[in-house]
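# Breakdown of the fold
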Amino acid sequence: MTEQHKKRISKFLSLILRHQPEKIGLTLDENGWALVSDILEKSKMQFTVEELSEVVNTNDKKRFSFNANETKIRANQGHSLKSIDLDLKPETPPLFLYHGTVSKFIPEIKLHGLKKMNRQHVHLSKDRDTAAKVGARRGKPVILSIRALEMQNEGHQFFISENGVWLTDVVSSKFINF
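Below you will find a few notes about this structure. The residue numbering used here restarts from 1 in each chain and proceeds along that chain's sequence as written. Totals for whole chains, interfaces and linings use all residues, but because this is a predicted model, local features are given only for residues with pLDDT of at least 70 and pairs of side-chain atoms are given and counted only at 80 or more. As a rule here, side-chain values come from all non-hydrogen atoms in the structure, and water together with hydrogens is ignored.

Moving on, we get to the side chain of N76. Helical segments are the DSSP runs of H or I of at least four residues, strand segments are the runs of E of at least two, and each set is numbered from the N terminus. Structurally, N76 is set in the loop between β3 (72-75) and β4 (97-102). In this scheme, a residue with accessible area under 20% of its type's maximum is buried, one over 50% is exposed, and one in between is partly exposed, where area comes from a 1.4 Å probe on protein chains only. For N76, a relative accessible area of 3% puts it in the buried group. The term polar contact refers here to a pair of N or O atoms within 3.5 Å; inside protein, the definition further demands a hydrogen-donor-capable atom paired with an acceptor-capable atom, and it admits residues adjacent in sequence only when both atoms are side-chain atoms. A polar side-chain atom of N76 sits 2.5 Å from the main-chain carbonyl oxygen of K62. In this view, N76 contacts K62, R63, F64, S65, L86, S161, E162 and N163; residues no more than four positions away in its chain are not counted. Between two residues, a contact is recorded if the distance between any of their heavy atoms is within 4.5 Å.

See the structure below:
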């Protein structure tokens, strides 16, 4: 399978599993799982279960997961659908987590902190390199250091998705090292 075809399938999965399952008449359960058979049947984009498996297993960001017998699939995080509960358990974060952005957003972040916007959570990285890759998607990256353990000590909850992305509801600018 070509890299272009894998990328098209990945973008399609992101759309239907994170944002618009109704686009193909797909039903997600309360934890975001969809039947693989439904995706293959309802999709106008033609791909096989083997191609789907390759996309899931080789995605560098581990955006998707199968259930144990690979009959269901879901996005690991990034949902704009408020009805999805990924059943995440609170975790103790490291001293610092990181957020990659670009300089044009810094004034807004200094005023209002990091907000989840149209997602369920603010996404944070465990290391600077990953945050830099995230920020680089929009230009020259600026890496923000988040005093995560201090946040937790003040009552904020943190979760970690199956693919290692740290999640929280909001990050006040008082916890951000610019």
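Moving on, there is more to tell.
Once that is clear, we can look at the pattern of salt bridges. The salt bridge criterion pairs a side-chain nitrogen of Lys or Arg with a carboxyl oxygen of Asp or Glu, the two atoms within 4 Å. Per the stated rule, a full pass over the model turns up six salt bridges. Taking the shortest distance from any N to any O, the salt bridge between E54 and K6 comes out at 3.7 Å. You can see E54 sitting in helix α3 (residues 49-58) and its partner K6 sitting in helix α1 (residues 3-19), a full 48 residues away along the chain. In this structure, the salt-bridge partner of R74 is E162, at a minimum N-O distance of 2.8 Å. Taken together, the positions of R74 in strand β3 and E162 in the loop between β8 (159-160) and β9 (166-168) put the pair 88 residues apart, joining distant regions of the chain. Several salt bridges converge on common partners, so that one network encompasses E3, K6 and E54.

Once that is clear, we can look at the nonpolar core. To qualify as a nonpolar core, a set must consist of buried Ala, Val, Leu, Ile, Met, Phe, Trp, Tyr and Cys residues joined through side-chain atoms within 4.5 Å. Grouped together as the largest cluster of nonpolar side chains are 23 residues, with contacts concentrated most on L13, I16, L17, L26, I39 and I73. Residues within four places of L13 in sequence aside, it is in contact with R18, I39, L52, V55, F64 and I73. Counting residues in each nonpolar core, the second largest holds 15 residues, with V122, L144, I146 and V171 among its members.

Listing the buried residues of α3 in full gives L52, S53, V55 and V56. The arc that holds every buried residue of α3, seen down its axis, measures 160°, which confines them to one face. Contact partners of the buried residues in α3: α1, α2 (36-42), β2 (64-66) and β3. This arc is built from the directions going out from the helix axis to the C-beta atoms.

For the rest of this paragraph, the subject is the packing of aromatic side chains. Centres within 6.5 Å are what make two rings of Phe, Tyr or Trp a pair, Trp counting through its six-membered ring; a difference in plane orientation under 30 degrees is then read as stacked, over 60 as edge-to-face, and the rest as tilted. Scanning the model with the defined rule gives one aromatic pair in all. Note on F12 and F47: the rings are 6.1 Å apart at their centroids and 70° apart in plane angle, and the pair reads as edge-to-face. Separated by 35 residues along the polypeptide, F12 in helix α1 and F47 in the loop between α2 and α3 bring together distant segments of the chain. Across the pair, F47 and F12 agree in class, each one buried. Counting as a charge over the ring demands two things of the Lys NZ or Arg CZ atom: a distance within 6 Å of the ring centre and an angle within 35 degrees of the ring normal. Over the ring of F178 we find K110; its NZ or CZ atom is 5.4 Å from the centre of that ring.

Its place among the elements puts H156 in the loop between α6 (148-153) and β8. Sequence-wise, H156 and V170 are 14 residues apart; in three dimensions their C-alpha atoms are separated by 8.5 Å. When sequence neighbours within four positions are dropped, the list of residues in contact with H156 reads M151, V170 and F175.

A few words on the pairing of β3. Two strands pair under a simple rule: DSSP has to find at least two bridges between them. Judged from the two bridges that link them, strand β1 (residues 34-35) and β3 form a sheet pairing that is antiparallel. Within β3, the residue paired with L35 across the bridge is K72. Where β2 lies against β3, three bridges are found, and the strand directions are antiparallel. Within the sheet, the bridge partner assigned to F66 lies in β3 and is I73. Here β2 folds back onto β3 in antiparallel fashion, the turn holding five residues, of which E70 has a positive phi close to 60°.

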